[in-house]
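Observations on chain architecture
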Amino acid sequence: MRILSGVKSTGRPHLGNYFGAIRQFIGLQPKGEGYYFVADLHALDTVRDADTMRDLSLGVALDYLALGLDPAQCTLFKQSDVPEVSELMWILGTVTPMGQLQRAHGYKDAVAKGKDVDFGLFSYPVLMAADILLYRSDVVPVGKDQAQHLELTRDLAVKFNMTYCKDFDPETGEGGALKLPESMILEDVAVVPGTDGRKMSKSYDNTIKLFDTDKQIKKSIMRIVTDSTPVEHPKDPDSCNVYALLKLFCDEAELAEVAARYRAGGTGYGDFKKLLLERFHDMFGAARARRAELEQDPDYVRDVLAQGAAHARQTARAVLDDVQEACGLR
Ligand code: ADP
Ligand code: TRP
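Each chain carries its own residue numbering, running from 1 in the direction its sequence is written. Note on labels: chains are lettered from A, ligands numbered from 1, in written order. In keeping with the model being predicted, local features are shown solely for residues with a pLDDT of at least 70 and side-chain atom pairs are shown and tallied solely at 80 or more, while totals for entire chains, interfaces and linings include all residues. Side-chain measures here rest on the full set of heavy atoms in the structure, leaving out hydrogens and waters.

**Looking at the overall build of the protein**
Going by this rule: Strands are runs of DSSP state E lasting at least 2 residues, helices are runs of H or I lasting at least 4, and numbering of each runs from the N terminus. The globule rule used for comparison is 2.2 Å times the number of residues to the exponent 0.38, while the radius of gyration itself is calculated over C-alpha atoms. Here the term buried applies to any residue with accessible area under 20% of the maximum for its type, exposed to any over 50%, and partly exposed to those in between, with areas from a 1.4 Å probe on protein chains only. In this analysis, two residues are considered to be in contact whenever any of their non-hydrogen atoms come within 4.5 Å of each other. Computed with a 1.4 Å probe, the accessible areas rest on the Shrake-Rupley method; for each residue, only the protein chains presented here act as cover. Working convention for charge: Lys and Arg count positive, Asp and Glu count negative, and His plus the chain ends are omitted. Throughout, a charge is located at the NZ atom of Lys, the CZ atom of Arg, the CG atom of Asp or the CD atom of Glu.
A count of helices and strands for the protein gives 14 helices and five strands. Here the C-alpha radius of gyration of the protein, 22 Å, is about what a compact globule of 330 residues would show, namely 20 Å. Buried positions account for 47% of the 330 residues belonging to the protein. Intrachain contacts of the protein at a sequence separation of at least 6 include 76% that bridge at least 24 residues. Accessible surface, the protein as shown: approximately 16200 Å² in total, 50% of it carbon and sulfur. The centroid of the 40 positive side-chain charges in the protein is displaced by 4 Å from the centroid of its 49 negative side-chain charges.

**Notes on the domain arrangement of the protein**
Under the convention used in this document: Note: domain ranges come from an automatic or database domain assignment. Note on terms: buried area is the combined drop in 1.4 Å-probe accessible area of two parts once they are placed together, counting the loss on both.
For the protein, the assigned domains are domain 1 (2-191 + 297-327) and domain 2 (212-292). Once you take the C-alpha centre of each, domain 1 and domain 2 turn out to be 35 Å apart. Counting residues at the interface gives 10 residues for domain 1, matched by nine residues for domain 2. For the pairing of domain 1 and domain 2, the buried interface totals around 850 Å² over both sides, and the portion due to carbon and sulfur atoms is 71%. Considering only the side of domain 1, the residues that lose the most area to domain 2 are Leu 15, Phe 19 and Ala 66, jointly responsible for 55% of the buried surface there.

**Brief notes about the site of ligand 1**
In plain terms, the rule: Working definition: residue near molecule or strand if any one of its non-hydrogen atoms lies within 4 Å of it. N or O atoms within 3.5 Å of each other form a polar contact, as long as, within protein, one can give a hydrogen and the other can take it, and as long as residues adjacent in sequence are counted only when both atoms are side-chain atoms. Polar here means any residue outside two lists: the nonpolar Ala, Val, Leu, Ile, Met, Phe, Trp, Tyr, Cys and Pro, and the charged Asp, Glu, Lys and Arg; Gly therefore counts as polar.
The full set close to ligand 1 counts 13 residues, and His 14, Val 192, Met 200, Ser 201 and Lys 202 are the nearest of them. Contacts to ligand 1 include Val 192, whose backbone N or O atom sits 2.9 Å from a nitrogen atom. Within the contact set of ligand 1, an oxygen atom lies 2.8 Å away from a backbone nitrogen or oxygen of Lys 202. Protein chains bury 80% of the 540 Å² of accessible surface belonging to ligand 1 in isolation. Looking at the shell around ligand 1, its residues break down into four nonpolar, six polar and three charged.

**Looking at unusual backbone geometry**
For residues that are not glycine, phi is negative in most cases, and the peptide bond is trans in most cases. The backbone of Arg 136 shows a phi angle near 45°, a positive value even though the residue is not glycine. With respect to the helices and strands, the residue Arg 136 is situated in the loop between α8 (124-133) and β4 (139-142). A positive phi angle is found at Asp 205, which is not glycine, with a value near 55°. For Asp 205, the location among the structural elements is in the loop between β5 (182-185) and α10 (214-222). Taking relative accessible area as the criterion, Asp 205 reaches 57% and is therefore assigned exposed.

**Some details on the site of ligand 2**
Around ligand 2 sit 13 residues, and of these His 42, Tyr 124, Met 128, Asp 131 and Gln 146 come closest. With respect to ligand 2, the side chain of Tyr 124 contributes an N or O atom lying 2.7 Å from a nitrogen atom. Look at ligand 2: alone it shows 370 Å² of surface, and the protein chains cover 89% of it. Those elements giving two or more residues to the shell around ligand 2 turn out to be β1 (2-8), α8 and β4. Looking at the shell around ligand 2 residue by residue, the class counts come to seven nonpolar, four polar and two charged.

**Considerations on the pattern of salt bridges**
Our working rule: Salt bridges, as used here, are contacts in which a Lys or Arg side-chain nitrogen is within 4 Å of a carboxyl oxygen on Asp or Glu.
Inspection of the entire model under this criterion finds 21 salt bridges. Of the charged contacts, one joins Arg 48 and Asp 118 as a salt bridge, the two residues approaching to 3.4 Å between their closest N and O atoms. Here Asp 118 lies in the loop between α6 (105-112) and α7 (119-122) and Arg 48 lies in the loop between α2 (40-43) and α3 (50-67), a separation of 70 residues in the sequence. You can call Asp 118 partly exposed: its relative accessible area is 31%. Asp 51 is the partner of Arg 54 in a salt bridge, and the nearest nitrogen-oxygen pair spans 3.2 Å. Taken together, the positions of Arg 54 and Asp 51, both in helix α3 and three residues apart, correspond to about one turn of that helix. This pair shows no difference in class: Arg 54 is exposed, exactly as Asp 51 is.

In structure tokens, the structure reads:
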């Protein structure tokens, strides 16, 4: 089973990205042949500064490595290091109905907000389909927000195969140059709340970032919004943003004990925040230390990416050859 996924290099990862996406990649690593990439071509549509782009792309690779993706077990690479993806994107673009792209969420939202929409944003889903199809991926773990992109990917694979591959059987999905991937939508991953109680998101400035400085992490946790129940009064854990985050860190026994302390009164929110800070460091301390170490050795990280790209390109080349052959480009 080949598992593929990517993370756009548009910012530094927060708890939402970790629990919603990256943790799953790491869990899946021993279950199949993993391809995990830094989606720098996708990021190019929002990051418009060369140094920032280089920093953020290397940053995602550092995050992957620090959090536990292991180059001995999976292929780690940068999207733009496999130029075959851009050619497949073009080929897929020739069988992509405009209407389907006009209905894509990202494009529709941007238009609704009156933003200047460029071709990069409009064609984003086609590049994502190329990412997936270029490696004959079986399974693509993504957040719910990406489900529509996965549907388009399957549609484009069918469309291409129907157009060009006479042995293709749409019933079984066999006999085409492009393989139909299955999405693995991570339904049961609850939405991680941010410090203000809304969904944690870099667009709301309510994140707790995995690799911020100790001081900044403390600051982010201390600013979690709570109500004004006095220290001695009983508190409701289920309506508390701190407790919602503690759920991600504590085991059942500890959580039950924390809930009892909420209900008993006598403990202030500040103490629960301190506990969260402690658990944060318990969970991410090793990864944070590892990332700091890797940062000192960017050549190692570049080397991992170069080797990953060489391997990814081999896989990609064979698929692109089949595609070119099928549509008569060779
Ligand atoms: P942001 O909302 O901060 O811009 P992204 O859109 O870059 O985050 O998120 C990348 C992936 O991380 C998403 O596909 C989703 O699976 C996951 N994710 C982001 N925020 C959350 C959250 N608050 N809770 C759960 N998963 C999240
Ligand atoms: N669009 C994805 C996101 O915003 C990132 C991504 C790009 C991706 N190409 C992909 C994810 C291919 C899975 C497979 O999170």
